[in-house]
Amino acid sequence: MIYSLSVKMGKASAGITKMLEGIMKYRMTHQRNMLEQFKKVRDNPVPTAVFVTCVDSRMLPSRFTQTNVGDMFIVRNAGNMVPHSSLVSGQATATEPAVLELACVMNSVKHVVICGHSDCKAVNLLYDIHTDPDYQKAAPSFSPLRNWVTVHGKRTMHEFAKLELAQFRRPLLLSKLNKSGKFPAYVDVDEKFSVTDKLSMVNTLLQMENVTSYPFMRNNKNGRIHIHCFWFDIYTGEIWCFSRKDKTFIMINEESEIGRAHV
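Residue numbers restart at each chain and count upward from 1, following the sequence in its written direction. Totals for whole chains, interfaces and linings use all residues, but because this is a predicted model, local features are given only for residues with pLDDT of at least 70 and pairs of side-chain atoms are given and counted only at 80 or more. To obtain the side-chain values, all non-hydrogen atoms of the structure were included, while hydrogens and water were left out.

What follows is about the pairing of strand β7 (residues 239–243). On a regular strand, one side chain projects to one face of the sheet and the next to the other, so that they alternate. Throughout, exposure labels follow a simple rule: accessible area from a 1.4 Å probe, protein chains only, divided by the maximum for the residue type, with under 20% read as buried, over 50% as exposed, and the rest as partly exposed. In this description a helix means any DSSP run of H or I spanning at least four residues, a strand means any run of E spanning at least two, and both kinds are numbered starting from the N terminus. Taken across its five residues, β7 has five buried, putting it largely inside the fold. The alternating pattern of β7 places I239, C241 and S243 on one face and W240 and F242 on the opposite face, and all of these are buried. Summarising the sheet, strand β6 (residues 226–232) and β7 pair through three bridges and their orientation is antiparallel. In the sheet register, F232 faces β7, and the bridge partner there is I239. Between any two strands, at least two bridges found by DSSP are needed for them to pair. Here β6 folds back onto β7, and the loop between the two strands holds six residues, one of which, G237, carries a positive phi near 80°. Pairing geometry for β7 and strand β8 (residues 248–251), over four bridges, is antiparallel.

Structure below.
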């Protein structure tokens with residue numbers, strides 16, 4: 001394994017060359033502007049959201065939300081999953097709830113956004129694990145990625161199977177934060193998306209409920225926390241938002257109620 005980086009661009013790999021060229025471009029064109037942003041927040045940033053999304057290289061959350069330095073905490077993992085509290089303990093820790101505590105308890109952040117996306121490779125793997133016999137035969141004895149999506153995507157597959165059986169004509173029922181009862185969430189009733197994209201939507205919706213499984217989120221002394229669900233279509237560049245009023249995902253644009261409210 002190589003730990004040192006050659007200072008000669010010609011000896012670097014194509015991937016690292018692109019990064020180094022990007023850093024030089026940043027120094028010439030963006031560094032001054034970013035320093036101005038750092039000066040505004042200094043040692044006391046006031047972030048307004050926690051943004052949980054996938055590590056997929058096509059996902060650029062700060063770009064499509066047009067956010068700047070100090071605006072939000074960003075958590076990224078394979079499949080934008082938030083481990084349920086029942087799977088986290090002193091012996092089995094996880095980054096995601098640690099960030100929720102840091103942001104919402106220590107920094108009084110009031111908004112948590114879970115953002116999934118189309119053609120999610122982690123979700124596609126989750127689907128293959130449960131539906132492709134050939135994958136089962138060829139699967140390695142141990143895979144960190146396979147283990148991650150299997151453990152934290154177990155309920156996703158369970159709920160997805162029920163919706164698929166009902167041809168997505170019945171809703172997913174999700175628990176409310178600090179309230180009894182559940183609210184309905186319909187997934188792609190217009191049949192616009194592929195089966196794995198439907199699974200990605202189900203997975204993203206269920207992560208909202210996993211956020212509510214933590215007592216420090218349900219009983220936050222800093223007041224009510226709002227949990228939102230976004231879904232990014234990497235092929236169209238459109239962002240969809242789950243609307244409790246419409247009980248499904250709606251596109252955020254100039255024609256939608258959400259989009260008009262923020263134009």
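Note on aromatic pairs: the rings of Phe, Tyr and Trp (six-membered ring only in Trp) are paired at centre separations within 6.5 Å, and the planes decide the class, stacked below 30 degrees, edge-to-face beyond 60, tilted for the rest. Scanning the entire structure with this criterion turns up ten aromatic pairs. Feature note: the residues F51, F64, F230 and F232 constitute an aromatic cluster, connected by ring pairs. Placement of a charge over a ring requires the Lys NZ or Arg CZ to be within 6 Å of the ring centre, with the centre-to-atom vector within 35 degrees of the ring normal. Positioned above the aromatic ring of F168, the side-chain terminus of K198 is 4.9 Å from the ring centre. We note R244 situated over the ring of F183; from NZ or CZ to the ring centre the distance is 3.9 Å.

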